[in-house]
Amino acid sequence: MLTDSYGRVATDLRVSLTDRCNLRCAYCMPPEGLDWLPTPEVLTGDEVVRLVRIGVESLGIREVRFTGGEPLLRRDLAEIVAATAGLSPRPEISLTTNGIGLDRRAAALRAAGLDRINVSLDTLRPEVFRKLTHRDRLDDVLAGLAAAAAAGLSPVKINAVLMRDLNDDEAPQLLRYCISHWYELRFIEQMPLDAQHGWKRTEMVTAAEIFESLSAQFSLSDDTERSRGAAPAETFLVDGGPARVGVIGAVTRPFCGACDRVRLTADGQIRNCLFARSESDLRTLLRSGAPDSEIAERWRAAVAAKLPGHGINDPTFLQPDRPMSAIGG
Ligand code: SF4
């Protein structure tokens, strides 16, 4: 098991398959993009599957989420999903994506064993989408959502980030759209993980503001059926249900005490927290011919050293060197 010194057990593995992305979301990276990882440094499909297998078979990983960057940019994604689905015990398999290209691949991913999907959608206004992502791809994202639902990846979950003076007035409209399409919407507070280091607490749209904005148009009540547990979202029934909405107060209402996550970057580093200041290198071990047991031991040690929380609210907080796109959300 992957336990830390605060008694938490990591069972949820987030695997970043690439640091590249075809959008340039303002809360993530600058319009010109970033210096991507050199291809030889990125784990091959076989290397990813070996590490996931060690996690599942030897370390108690029960859920595997593929992310990025944009994981759909990996041509071998369906093969990686299929190999993961073949592990015993079979983990839950999910994907976090921006949805571009999903219209062509959703059915194949479902057939390969994908169980669930989260798609980022921050706005329904094409001009705001262009401004926020520096690309004109809103229709592609909406087509991807429809394809995911048609492929049986329901309920499709939508992740939305609100940014001050950009889309901070759009919460009710997004919720209405999601309810009408049977998508499950979650708002996430913007976190200090942007490559530009432009995040400012004073400009962040808080969970409380989001709740207030939604409450002006919907009746939100506690969702007693779903306990929060290790799940980051506080969920609410909308107008008595069954529709729900989630609000993830990652900064103002941290849930680190119940964290069950561990991350593997595209270049084979274990991060015990999104905000970790250090990493453990599994790629070098892997490529030097180390046995599974040695890799598992380093992985265990990495999780054992996990800090109690992200520390964003401490005066000494330092943003990690890697931006979100290179960590895996
Ligand atoms: S910030 Fe770190 S400890 Fe807190 S929930 Fe996220 S990964 Fe877990």
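Residues numbered from 1 in each chain as written. Predicted model: local features only at pLDDT ≥ 70, side-chain atom pairs only at ≥ 80, totals over all residues. Heavy atoms only, no water.

Before going further, it helps to spend a moment on the nonpolar core. By size, the foremost hydrophobic cluster in this structure holds 101 residues, and its most contacted members are Phe66 and Phe187. Here this core takes six residues from helix α1 (residues 45-58), the largest share from any one element. The residues contacting Phe187, other than those within four sequence positions of it, are Ala160, Leu162, Ala171, Leu174, Ile210, Leu214, Val245, Gly246, Val247 and Ile248. (Core = buried A, V, L, I, M, F, W, Y, C linked by side-chain atoms within 4.5 Å. Buried < 20%, exposed > 50% of the residue type's maximum accessible area, 1.4 Å probe, protein only. Helix = DSSP H or I, 4+ residues; strand = E, 2+ residues; numbered from the N terminus. Contact = heavy atoms within 4.5 Å.)

In this model, the second largest pocket occupies a volume close to 330 Å³. If you go around the second largest pocket, you meet 21 residues; those closest to its centre are Phe275, Ala276, Arg277, Leu307 and Gly309. Looking at the lining of the second largest pocket residue by residue, the class counts come to ten nonpolar, seven polar and four charged. (1 Å grid on protein atoms, 1.4 Å probe; cavity = no way out; pocket = protein on both sides within 12 Å on 5 of 7 lines; lining within 4 Å. Points joined across faces, edges and corners; volume = space filled by probe spheres on them. Nonpolar A, V, L, I, M, F, W, Y, C, P; charged D, E, K, R; others polar.)

Turning our attention to empty space enclosed by the protein. Evaluated as defined, the whole model comprises one cavity of 30 Å³ or more. For the largest cavity, the calculated volume is near 40 Å³. Among the elements that take part in the lining of the largest cavity, strand β4 (residues 116-120) stands out by supplying three residues, more than any other.

Okay, the sheet that holds strand β1 (residues 12-16) next. By way of backbone hydrogen bonds, the strands of a sheet pair with one another, either parallel or antiparallel. Across the sheet, which stays open at both edges, the twelve strands sit in the order β7-β8-β9-β6-β5-β4-β3-β2-β1-β10-β11-β12 with mixed pairing between neighbours. With one partner strand each, in any of the chains shown, β7 (220-222) and β12 (280-281) form the two edges of the open sheet. Note: strand β8 (residues 234-238) against strand β9 (residues 244-248), four bridges, orientation antiparallel. Bridged to Glu234 within β9 is Val247. Across the sheet, helix α2 (residues 77-85) touches β2 (63-67) and β3 (92-97), and the angle it forms with β2 is around 175°. (Pairing = 2+ DSSP bridges. Axes fitted to C-alpha atoms, helices over the stretch in contact; angles between N-to-C directions.)

Time to look at helix α9 (residues 292-304). Helix length check: α9 (13 residues) gives 18 Å between terminal C-alpha atoms against 18 Å at 1.5 Å per residue, within 8%. Within α9 the residues assigned to the buried category are Ile295, Ala296, Trp299, Ala302 and Val303. Taken around the axis of α9, the buried residues stretch over an arc of 120°, which confines them to a single face. The inward-facing, buried residues of α9 contact β1, α1, β10 (261-264), β11 (269-271), β12 and α8 (283-287). (Expected span 1.5 Å × (residues − 1). Arc of directions from axis to C-beta.)

This structure, assessed with the given rule, holds three aromatic pairs. Taking the centre distance of 6.3 Å and the plane angle of 55° together, the rings of Tyr177 and Tyr183 count as tilted. The pair Tyr177 / Tyr183 is uniform in exposure class, with both members buried. Each ring, one from Phe211 and one from Phe236, has its centre 5.1 Å from the other, and the planes form 55°; the classification is tilted. Of the two residues, Phe211 is situated in helix α7 (residues 207-215) and Phe236 in strand β8; the sequence distance between them amounts to 25 residues. Given a relative accessible area of 29%, Phe211 falls into the partly exposed group. For Phe236, a relative accessible area of 7% corresponds to the buried category. (Phe/Tyr/Trp six-rings, centres within 6.5 Å; stacked < 30°, edge-to-face > 60°.)

Right, let's talk about the pattern of salt bridges for a bit. Tallied over the full model, the rule gives 22 salt bridges. Ionic contacts of the salt-bridge type, sharing partners, join the residues Arg50, Arg53, Glu57 and Asp292 into one network. (Salt bridge = Lys/Arg side-chain N within 4 Å of Asp/Glu carboxyl O.)

Before going further, it helps to spend a moment on the packing of α1 against α9. When two helices pack together, their arrangement is given by the angle between the helix axes and the distance between those axes. The geometry of α1 relative to α9 is characterised by a closest axis approach of 10 Å and an angle of 75° between their N-to-C directions. When the interaxial angle is binned, α1 and α9 end up roughly perpendicular. Side by side, α1 and α9 meet where Arg50, Leu51, Arg53, Ile54, Gly55 and Ser58 of the first sit next to Asp292, Ile295, Ala296, Trp299 and Arg300 of the second. Tallied by class, residues from the contact of α1 with α9 come to five nonpolar, two polar and four charged. (Parallel < 35°, antiparallel > 145°, perpendicular 65-115°, else oblique.)

Everything listed here is a matter of geometry and, on its own, says nothing about what the molecule does.
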